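Secondary and tertiary structure notes
Chain by chain, the residues run as shown.
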Amino acid sequence: MRCACVDIGTNTTRLLVAERTDDGVREVVAVRRFMRLTCAADGTIPAATVAGVAELVAAHVRLAREHGALPVHAVATAAIRQAPNRDELCRAVQDAAGVPVEVLTGEQEAALAFAGALASLERPPGGLIGVIDVGGGSSELVTGTAGQGVTWSASLAVGSGVLAERHLRSDPPALEELAAVRAEVDAALAGVHAPVPLAVLAVGGSATALAGEAGGELAPETIARVLSVLIEHPAADAARRLGLHIERVKLLPTGLLVLEAAWEALGGAPLRVARGGLREGVVLRALAARS
């Protein structure tokens, strides 16, 4: 049985078509499209953006059905759950794509990211595991175990997209701009007192971008090395050097600063990039409901 998830994020809209395996899910098709949900001062999503998202989700749904996915689930995260006109966007998507949009809470987003991250491992480690999901509009920190699931989580209103929009003006970003980003992230984490896990998994676009530089396990030196490229070179040049999409490179400085600070908040245990995350979690939940 194949199932699909369309994830409407702050920076990207992504499709995952997957099918059940004996130990989790297997990716059949994965598609990413950059579409920044740049909002008005009050958080309202402009009408042109609403129409663009609806059209893009409809294209994802058609592709999912061409690959035999049934059902197709659409979920929305931080930028949409905070928007005063989120119901308007959800109606536009349903009219265009024929699927309802589930607007996830921060707690739901954290739990689904945790489930998807663990499902991507051949052998989940024993003991307490941490997951960091750096998104465009929010970031989730989660701890739990393979047997019990989530035991603690926090959703923070800092993500790569909102921080880039708020602070980055130069190309490449200036040191004082990055210092302002880190100060905002530190302030958001000031009241977070997380349990200390034995291992940490990173999910989301910023973490995935690091995977090519680090292989599996990450080290502080990896983040520092990639940040040095982003600081020293304009985005177009950095994208060529790192082999990344230019839109990802524009968001990567803020995403890496959030990831680094969140990792420190979880105690700095060994950090790996997980192959699964929110979308895999949605697919697993859907498959479990039908079994």
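Residues numbered from 1 in each chain as written. Predicted model: local features only at pLDDT ≥ 70, side-chain atom pairs only at ≥ 80, totals over all residues. Heavy atoms only, no water.

Describing helix α8 (residues 220-232)
The terminal C-alpha atoms of α8, which comprises 13 residues, lie 18 Å apart, in line with the 18 Å expected from a rise of 1.5 Å per residue. Among all positions of α8, only Thr222, Ile223, Val226, Leu227, Val229 and Leu230 are buried. An end-on view of α8 places all buried positions within 155° of arc, on one side of the element. Turned more than 90 degrees away from the buried face of α8, the exposed residues are Glu221 and Glu232. (Helix = DSSP H or I, 4+ residues; strand = E, 2+ residues; numbered from the N terminus. Expected span 1.5 Å × (residues − 1). Buried < 20%, exposed > 50% of the residue type's maximum accessible area, 1.4 Å probe, protein only. Arc of directions from axis to C-beta.)

Notes on unusual backbone geometry
Across the chain, the bulk of peptide bonds are trans and the bulk of non-glycine residues have phi less than zero. Of the consecutive residues Leu70 and Pro71, the connecting peptide bond is found in the cis state with omega at 10°. Looking at the element boundaries, Pro71 is found in the loop between α1 (47-66) and β4 (72-76). Cis rather than trans, the peptide bond between Asp171 and Pro172 has omega equal to 5°. If you trace the backbone, Pro172 turns up in the loop between α5 (160-167) and α6 (175-189).

Brief notes about the sheet that holds strand β3 (residues 24-34)
With mixed pairing, the five strands of this open sheet are ordered in space as β3-β2-β1-β4-β5. Each edge of the open sheet carries a strand with a single partner, namely β3 and β5 (101-103). Taken over all neighbouring pairs, the strand axes of this sheet differ in orientation by 25° on average, direction set aside. In this sheet, β3 lies alongside strand β2 (residues 12-21) in antiparallel orientation, the contact comprising 10 bridges. When the sheet's bridge partners are listed, Thr12 is paired in β3 with Phe34. The strands touched by helix α11 (residues 278-290) are β1 (2-8), β2, β3, β4 and β5; relative to β1, the strand with the most contacts, the crossing angle is about 140°. (Pairing = 2+ DSSP bridges. Axes fitted to C-alpha atoms, helices over the stretch in contact; angles between N-to-C directions. Contact = heavy atoms within 4.5 Å.)

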